[in-house]
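This is what each chain is made of:
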Amino acid sequence: MSAIRINGREEPLSAASLAELLAGRGIAEGARGVAVALNGAVVPRRRWVETPLQPGDSLEIVRPIQGG
């Protein structure tokens with residue numbers, strides 16, 4: 001089974017592109033305040049659709065948390 005590391009946790013790779021993976025997590029392409037790094041490099045929002053994912057990739061997804 002192919003796997004990817006997301007925010008430090010190993011998960012099955014179930015999406016072909018970064019945009020597809022984010023959509024599956026409820027993060028829309030136009031979501032504001034979301035930053036994504038793939039293998040240590042920040043991926044600009046405009047490149048999410050064209051960024052493929054490969055087994056062994058490491059992904060960090062950062063988004064604001066409400067509270068106070």
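Residues numbered from 1 in each chain as written. Predicted model: local features only at pLDDT ≥ 70, side-chain atom pairs only at ≥ 80, totals over all residues. Heavy atoms only, no water.

Caption draft 1: Broad picture of the side chain of Thr 51. Relative to the elements of secondary structure, Thr 51 occurs in the loop between strand S4 (41–42) and strand S5 (58–62). In terms of polar contacts, Thr 51 uses its side chain to reach the backbone carbonyl oxygen of Arg 47, at 2.5 Å. In contact with Thr 51, not counting residues within four places along its chain, are Ala 16, Ser 17, Leu 18, Leu 38 and Val 43. (Helix = DSSP H or I, 4+ residues; strand = E, 2+ residues; numbered from the N terminus. Polar contact = N/O pair within 3.5 Å; in protein donor to acceptor, adjacent residues only side chain to side chain. Contact = heavy atoms within 4.5 Å.)

Caption draft 2: Just the pairing of strand S1 (residues 3–6), in detail. In this structure, S1 lies alongside strand S2 (residues 9–12), joined through four bridges in antiparallel fashion. What sits directly across from Ile 6, in S2, is Arg 9. Bridging between S1 and S5 involves two bridges; their strand directions are parallel. Its bridge partner being in S5, Arg 5 is matched across the sheet by Ser 58. (Pairing = 2+ DSSP bridges.)

Caption draft 3: The arrangement of the pattern of salt bridges in detail. Scanning the entire structure with this criterion turns up three salt bridges. Measuring nitrogen to oxygen at the nearest pair gives 2.5 Å for the salt bridge that ties Arg 25 to Glu 11. Taken together, the positions of Arg 25 in the loop between helix H1 (18–24) and strand S3 (35–38) and Glu 11 in strand S2 put the pair 14 residues apart, joining distant regions of the chain. Take Arg 25: its relative accessible area is 35%, and that puts it in the partly exposed class. (Salt bridge = Lys/Arg side-chain N within 4 Å of Asp/Glu carboxyl O. Buried < 20%, exposed > 50% of the residue type's maximum accessible area, 1.4 Å probe, protein only.)

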